[in-house]
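Spelled out from the first residue to the last, the chains are:
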Amino acid sequence: MDPLSIKGAFSFSPRIHGDGRGSFHEWFRSDELRKQTGHDLNLAQANCSISSRGALRGVHFADVPPSQAKYITCLRGAVLDVVVDLRVGSPTYAQWEAVRLDDASRRCLYVGEGLGHAFMALTDDATVIYLCSEPYSPDREHGVHPLDPDLAIAWPEEVTPILSDKDAAAPSLAEARASGLLPDYQECLDYYAKLAL
């Protein structure tokens, strides 16, 4: 696993073993995740999303604690997956990093608690699966508008974004911060320390 520029986010490029029958790879290793993060991923929910080209999902995040860590990969097609640091007080606050996940590289992404997550489908039938540390809880779930110019995420210009009504109505980063929705960086660090016990 390789750390991204945002603390709490990692990418993983598995070794793919192929022969005349097809291929095999390990897409998740709890020991590798623990080595990088200092704690285990408590598997509480597994999700599968199938998206049309241009579908833009996110930027989503959940209250800390417990928030919701995610371990993501793309089984079919390709997506541009984005991690956004929404933790107020973080040295990388409001910064983002994009990782292409596709069915060729089989790359994976870990998004830690308190971070924002979004992805855009680059192909039709883009199939994304992700493991979650906590179950979905609508009362704890929030969003920031993925096209907010203050975030300035570089979504592919050749793909027209398709947003859900919920994501289209999400607040800007500034509005989410002013309303107290965003996680606090120090609270996230404290929570990470508790997970490591």
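Residues numbered from 1 in each chain as written. Predicted model: local features only at pLDDT ≥ 70, side-chain atom pairs only at ≥ 80, totals over all residues. Heavy atoms only, no water.

Operational definition: UniProt positions are given in the numbering used here, feature names are shortened, and annotations may be inferred rather than shown by experiment.
The protein chain carries the name dTDP-4-dehydrorhamnose 3,5-epimerase family protein in an unreviewed UniProt entry, which gives Actinomadura yumaensis as its organism. Regarding the protein chain, the UniProt comment filed under Sequence similarities (unreviewed entry) reads as follows: "Belongs to the dTDP-4-dehydrorhamnose 3,5-epimerase family."

**Description of the overall build of the protein chain**
Stated precisely, the cut-off is as follows: In this description a helix means any DSSP run of H or I spanning at least four residues, a strand means any run of E spanning at least two, and both kinds are numbered starting from the N terminus. Within these notes, the globule rule equals 2.2 Å times the number of residues to the 0.38 power, and the radius of gyration is based on C-alpha atoms. Classification of residues uses two cut-offs on accessible area relative to the type maximum, computed with a 1.4 Å probe and protein chains only: under 20% is buried, over 50% is exposed, and between them is partly exposed. In what follows, residue pairs with any heavy atoms lying within 4.5 Å of each other are defined as contacts. The charge count includes Lys and Arg as positive and Asp and Glu as negative, but it does not include His or the ends of the chains. Where a charge lies is defined by one atom per residue type, namely NZ (Lys), CZ (Arg), CG (Asp) and CD (Glu).
Helices and strands together make up the secondary structure of the protein chain, namely 4 helices and 13 strands. For the protein chain, the C-alpha radius of gyration of 16 Å lies close to 16 Å, the compact-globule estimate for 197 residues. Over its C-alpha atoms, taken along the principal directions, the protein chain stretches across nearly 55 × 45 × 30 Å. By the burial criterion, 50% of the 197 residues in the protein chain qualify as buried. The contacts of the protein chain with a sequence gap of at least 6 include a subset with a gap of at least 24, amounting to 81%. Seen as two clouds, the 18 positive and the 28 negative side-chain charges of the protein chain have centres 6 Å apart.

**Section: empty space enclosed by the protein**
Put simply, the test is: Detection works on a 1 Å grid of protein atoms alone, calling trapped sets that fit a 1.4 Å probe cavities and calling open sets with protein on both sides within 12 Å along at least five of seven lines pockets, with lining residues defined by an atom within 4 Å of a point. Grid points are joined across faces, edges and corners, and a volume is the space filled by probe spheres set on the points. Classification used: nonpolar for Ala, Val, Leu, Ile, Met, Phe, Trp, Tyr, Cys and Pro, charged for Asp, Glu, Lys and Arg, polar for all others including Gly.
Under the counting rule described, the total for this entry stands at 1 cavity of 30 Å³ or more. Of the voids in this model, the largest cavity is the one considered here, and its volume is about 70 Å³. In terms of lining, the largest cavity is formed by 13 residues, of which the most central are His60, Phe61, Gln68, Lys70 and Leu115. Taken together, the elements giving at least two residues each to the lining of the largest cavity come down to strand S6 (56-62) and strand S11 (115-121). With 3 residues, S6 is the largest single contributor of residues to the lining of the largest cavity. Of the residues belonging to the lining of the largest cavity, the class tally is 4 nonpolar, 6 polar and 3 charged.

**Points about the sheet that holds strand S12 (residues 126-132)**
Keep this limit in mind: When DSSP finds two or more bridges between a pair of strands, those strands are recorded as paired.
Taken together, the 6 strands give an open sheet; going across it, the order is S1-S2-S10-S7-S12-S5, and neighbouring strands pair in antiparallel fashion. The open sheet has two edge strands, strand S1 (2-3) and strand S5 (45-51), and neither has a second partner. Pairing of strand S7 (residues 70-76) with strand S10 (residues 108-111), which is carried by 4 bridges, proceeds in the antiparallel orientation. The residue of S10 that forms the bridge with Thr73 is Cys108.

**A word on the side chain of Ser11**
Heads up, the condition is: The term polar contact refers here to a pair of N or O atoms within 3.5 Å; inside protein, the definition further demands a hydrogen-donor-capable atom paired with an acceptor-capable atom, and it admits residues adjacent in sequence only when both atoms are side-chain atoms.
Inspection of the secondary structure assignment puts Ser11 in strand S2 (residues 9-12). Looking at Ser11, its side chain comes within polar contact range of the side chain of Arg107, at 3.3 Å. The contacts of Ser11, once residues within four sequence positions are left out, are Met1, Asp2, Leu4, Arg107, Cys108 and Leu109.

**Side note on the pattern of salt bridges**
Applied cut-off: In the sections that follow, a salt bridge refers to a side-chain nitrogen of Lys or Arg positioned within 4 Å of a carboxyl oxygen of Asp or Glu.
The final tally for this structure, using the stated rule, is 7 salt bridges. With a closest N to O distance of 2.6 Å, Arg21 and Asp19 form a salt bridge. Judged by relative accessible area, which is 42%, Asp19 ranks as partly exposed. With a closest N to O distance of 3.6 Å, Lys35 and Glu32 form a salt bridge. With Lys35 and Glu32 both in helix H1 (residues 30-37) and 3 residues apart, the pair spans about one turn of that helix. Under the relative-accessibility criterion, Lys35 is labelled exposed at 59%.

**A few points about the layout of surface pockets**
Roughly 360 Å³ of internal volume is contained in the largest pocket. In terms of lining residues, the largest pocket is bounded by 20 residues, among which Arg57, His60, Lys70, Tyr130 and Tyr136 are the most central. Listing elements by their share of the lining of the largest pocket, those giving two or more residues are S5, S6, S11, strand S13 (141-143) and helix H2 (165-168). Partitioning the lining of the largest pocket into residue classes produces 8 nonpolar, 7 polar and 5 charged.

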